[in-house]
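Below, each chain spelled out in residue letters.
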Amino acid sequence: MDALVANEVNYATVGSPLTGGTRWDKPMQVSFENVVRTFGATPALHGVSLDIRPGELVALLGPSGSGKTTLLRILAGLDIPNSGRVLFDNEDALKLTVKERNVGLVFQNYALFRHMTVLDNIGFGLRVRPRSRRPSRKEIRRRALELLDLVQLSGLEKRYPSQLSGGQRQRVAFARALAIEPRVLLLDEPFGALDAKVRRDLRRWLREIHDKTGHTTVFVTHDQEEAIELADRVVVMSQGKIEQIGTPDEIYDEPNSPFVFSFIGESSVLPVKVEQGKVWLDEHPLDVASGKIPNGPAQLFFRPDEVEVGSDLPGAIVGVVSALRRHGGARRVELEVGDRRDHIEIELPADYRLNVSGRISVRPRRYRLYPAPTPNLSELIE
Amino acid sequence: MSDLIYGLDFVTEDRARSVTTERRPVRIALILIAVAFLTIFLLLPLVSVFSEALRAGLGAYWEAISEPDALAAMRLTLLVAAIAVPANFLFGLAASWAIAKFEFPGKSVLNTLIDLPFSVSPVISGLVYVLLFGLQGYFGAYLQSEGIQIVFAVPGIVLATIFVTFPFVARELVPLMQEQGIGDEEAAISLGASGLKTFLFVTLPNVKWALLYGVILCNARAMGEFGAVSVVSGHIRGKTNTMPLHVEILYNEYNFAAAFAVASLLALLALVTLVVKVALEWRFADQISASGRH
Amino acid sequence: MAGARGLALKRPSALPGFGLALGFTLTYLSLIVLIPLAALILKTASLGFSGFWEIVTAPRTLAALRVSFVISLIAAAINVVFGVIVAWVLIRYRFPGRRVLDAIVDLPFALPTAVAGIALTAIYAPNGWIGSWLAPLGIKVAYTPLGIGVALVFIGLPFVVRTVQPVLEDFEREIEEAAASLCANRRQTVFRVMLPALMPSILTGFALAFARAVGEYGSVIFIAGNIPFVSEIAPLLIVIRLEEFSYAQATAIAAAMLFIAFAVILFVNLVQAWQRRRFGQ
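Residues numbered from 1 in each chain as written. Chains lettered and ligands numbered in written order. Predicted model: local features only at pLDDT ≥ 70, side-chain atom pairs only at ≥ 80, totals over all residues.

Some details on the overall build of chain A
Part 1: Helices and strands together make up the secondary structure of chain A, namely 11 helices and 20 strands.
Part 2: Oriented by its inertia axes, the alpha-carbon framework of chain A measures out at about 80 × 50 × 40 Å.
Part 3: Burial status across chain A gives 42% buried among its 382 residues. (Helix = DSSP H or I, 4+ residues; strand = E, 2+ residues; numbered from the N terminus. Buried ≥ 20, exposed ≤ 12 C-beta atoms within 10 Å, placed from the backbone.)

Here is the structure:
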């Protein structure tokens, strides 16, 4: 199957099982403008703005409390912002109730209707339509079976949810959401309740489905591996604000803040000082470009596996080995660095010869430099 | 657009909640139906007890409840409860200790047996004792020859009351103790405590609120039991009448005000029981078993 | 003692006191429950099947059984409808006085049956608070089967409410949100998705209310007319037979009541087990 460019999916040519001349056969664009949501005195979203392109698979990534689920729920119509706008194809979506928004929702705990068969679950959205828009019973059954086929669960239509595995239940939940020909698919930590292996399989499967059907899809996750692997673009959120938006490559290779750097992938950090346009660790200058960072304290971030080592590299970080660990096929080395004995971790091939309390110099091949966080004003006054 | 009161945005919260709840008019209608139903069927009878009791005035009220037969009925009620409740208390402790802390075959049969009084009519509960100890009962002849009176006397009333109320304490304790498991007790034993000490200082404190809850319910039922006691009692005024039976006698004599006066005392007991029950549930919900809803 | 324990216990235990506790429990149960029950079974058996059948199918007995079971069924059904509404309102809505209302639901548990009986009679008698309203309309409640129904509704309500409440409380909000996102309106969500899922607990509440109603005595005998064939309940007939010293007859009726009630409960349990298997827990 050829990879399809998300922005240019045309429903008709992809052969979606759901073509039927409905209004939503083109994937939809979604925008947030300055969305604010506070719960009592606690702000959950601080004026978030975001544009999601038609047909895009976007990940809302962040730790718990970052506001990502709140944003999704506002998109779904399950929650209302205190202020701000939400637009579906430039139409105000906040005027519409959940029913009217025609969004496909998939929950972490599946939320399947326990007392209905798989087939009845999938067809539910079609059966509850008002008479004028409701397809015939035969038609509903046909569509449901088609969707069952799409999610690769043919033959299970008469089963009840309690008779399915977690991965199967989630796929039924997908099929159920797709049945109503949603304008946008919203997934709330869809693989959170599943085993690691099932999770990986379903990730791959989700990407395939998305490429096949081309819906605009937004999914919430706290698993950065998942976001990087799946999404066209990743929205990294923290404490109700968007930290960075970008493709997986951009997020991984060019994180724009300490938070994003440490949240995505692994990181080591060293407190350094910028002075006279150079970067200093204690009194040694480092072979690190200071860029636009102003003079003053700063933080040097790099990934453990993006370093070169030697016994005496110029402008390198010198450290004393304090611990050694196996890590998969490589070796993790913990180093004590500098006067304050800061700890960093680097990764080396397993067969690299090293002893505890040996000295080694490390030069990051790739790194980011950020100004150190300013202390609290009140702390200063204290 | 939004009203900020105490930092709460009511309009937004209401609209946000509206996805999983009914429209306002529907909600109000349902609340009204529920309130009306509860008022008519439950509240009204309660209120009427007190209103009828005081209908003939406070003087008559006082007379009714201080009359000798009424006092005798109260004494008997208290006596029966004073025997039945502690007995069932002990039973509850023993049964829950055995069921919750050990594995043995026939446990489910035991559990079913303990639940038995709930599925049996109170009249039948009294009937079985008459079958055993009544004049024509299996032991009737023997008892008569020994001059022992069980049925139509206080012992019969006590037995019937015990039958009807013995599950209450056990039912509260068993699920809770099962949930709590045996970890604490095993720890205590391993530290050298004797069985009794473990039971007194480790097990009991863990279930003290559920125990109180069960005792309160047991007591309310013991004092208020009517059907079973009616069958085994001789309805002898001043001798074998508990308060509920006395109420019946007064009522059948068309002495309504007096009947309601005595009944009002029982109703007060019920109110006190309810208040204590609600208070316990409110504050110690997690320490009272979830299934103990009787 | 260790040997006896070893026999009885499925799994060895370090905790002491098993023999004592179980011994006391079994003795107590035997004295209070098992021996009396054995007397009941023995007496019933001594009638022989034809004797039993004759008593049970006597016209007056049949009428009493019919009155008890039919009115209990109807009362339990009424309690299901209103009980679910009450449980819904108590769990899902917030309004002033909700806590008080919640406590009132337990009143039939706490109030002695005789007290409830005379109170209900006072209210529904022709000169009572509600009876006087209904009298001009030609509706008589006290001393009629209708009165029995009212009393049985009174004592059965808490069973339905308290059984449904916890299940409703734990109901996953996401299921409702999923249904709403699938374009179901509120009515469809409630009737097609939520109520079917609550069915097991509703059935249990119904069964409990029914079982209690069938055996109820104190709340009913004051407000019923106690007229044979019309408003005489089975428990009352048992008492009458006992007063006549017709132990055999009383026992037969009691046994019949137990059989039928047991059958109903068994049926309900079977339905629930089937549901649990099909739909999972």
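Don't stop here, the text continues.
Here's the deal with the pairing of strand S16 (residues 317-327) of chain A
Residue and element names in this part refer to chain A.
Part 1: With four bridges joining them, S16 and strand S19 (residues 359-364) adopt antiparallel strand pairing. Residue pairing across strands places Gly319 opposite Ile360, the latter belonging to S19.
Part 2: Pairing geometry for S16 and strand S17 (residues 330-337), over eight bridges, is antiparallel. Bridge pairing in S17 places Val321 opposite Leu335.
Part 3: The turn linking S16 back onto S17 is made up of two residues, and Gly328 within it adopts a positive phi angle of 65°. (Pairing = 2+ DSSP bridges.)

Overview of the confidence of the model for chain A
All names here are of chain A.
Part 1: The share of residues in chain A with pLDDT of 70 or more is 92%, and the mean pLDDT across the chain is 86.
Part 2: When mean pLDDT is taken per element in chain A, strand S3 (residues 57-61) scores highest with 96 and helix H1 (residues 11-14) scores lowest with 36.
Part 3: Throughout residues 1-24 the model reports pLDDT below 50, and contacts reaching past four residues in sequence, or to other chains, amount to 33 contacts. (pLDDT = per-residue confidence, 0-100. Contact = placed C-beta atoms within 7 Å.)

Focus: the environment of Glu91 of chain A
Part 1: Tracing the chain through its elements places Glu91 of chain A in strand S5 (residues 91-92).
Part 2: Judged by the 10 C-beta atoms lying within 10 Å of it, Glu91 of chain A is exposed.

A word on the packing of helix H3 (residues 59-92) of chain C against helix H8 (residues 145-169) of chain C
Residues and elements named next belong to chain C.
Part 1: Relative to each other, H3 and H8 sit at 40°, their axes nearing to 6 Å. Classified by the angle between their axes, H3 and H8 sit oblique to one another. Relative to H8, H3 is oriented so that their crossing is right-handed.
Part 2: Along the lines of polarity and charge, the residues of the contact of H3 with H8 split into 22 nonpolar, six polar and one charged. (Axes fitted to C-alpha atoms, helices over the stretch in contact; angles between N-to-C directions. Parallel < 35°, antiparallel > 145°, perpendicular 65-115°, else oblique. Left-handed = near helix turned anticlockwise from the far one by under 90°. Nonpolar A, V, L, I, M, F, W, Y, C, P; charged D, E, K, R; others polar.)

Observations regarding the domain arrangement of chain B
Put simply, an interface is often sized by how much accessible area is lost when its parts join up.
All names here are of chain B.
Part 1: Each domain of chain B was delimited in the assignment, giving domain 1 (1-53) and domain 2 (57-287).
Part 2: Between domain 1 and domain 2, the C-alpha centre-to-centre distance is 36 Å.
Part 3: Each side of the interface is counted separately: domain 1 has five residues, and domain 2 has eight residues.
Part 4: Its residues assigned to classes, the side of domain 1 that touches domain 2 comprises four nonpolar, no polar and one charged. (Domains from an automatic or database assignment.)

Some words on the sheet that holds S17 of chain A
All names here are of chain A.
Part 1: Across the sheet, five strands lie side by side as S15-S19-S16-S17-S18; this open sheet has antiparallel pairing. Each end of this open sheet is capped by a strand with a single partner; those strands are strand S15 (307-310) and strand S18 (342-349). If you compare each strand with its neighbour and ignore which way they point, the axes differ by 45° on average.

What to know about the domain arrangement of chain A
Part 1: Domain parsing of chain A yields domain 1 (6-102 + 181-258) and domain 2 (267-381).
Part 2: On a C-alpha basis, the centres of domain 1 of chain A and domain 2 of chain A stand 36 Å from each other.

Some remarks on the sheet that holds strand S12 (residues 278-281) of chain A
Residue and element names in this part refer to chain A.
Part 1: Strand order in the open sheet formed by five strands is S13-S12-S11-S14-S20, and the pairing between neighbours is antiparallel. Here the strands that pair on one side only, and so sit at the sheet edges, are strand S13 (284-286) and strand S20 (368-371). Averaged over neighbouring strand pairs, the angle between their axes works out to 45° when direction is ignored.
Part 2: In the sheet, S12 pairs with S13 via three bridges, with the strands oriented antiparallel. Pairing of Leu281 across the sheet is with His284, part of S13.

Topic: helix H4 (residues 118-127) of chain A
For an α-helix, 3.6 residues make a turn, and residues three or four places apart therefore share a direction.
Residues and elements named next belong to chain A.
Part 1: A large share of H4 lies buried, amounting to eight of its 10 residues.
Part 2: For H4, the set of buried residues is Val118, Leu119, Asn121, Ile122, Gly123, Phe124, Gly125 and Leu126.
Part 3: Buried residues along H4 sit in contact with helix H5 (137-150) and helix H6 (166-179).

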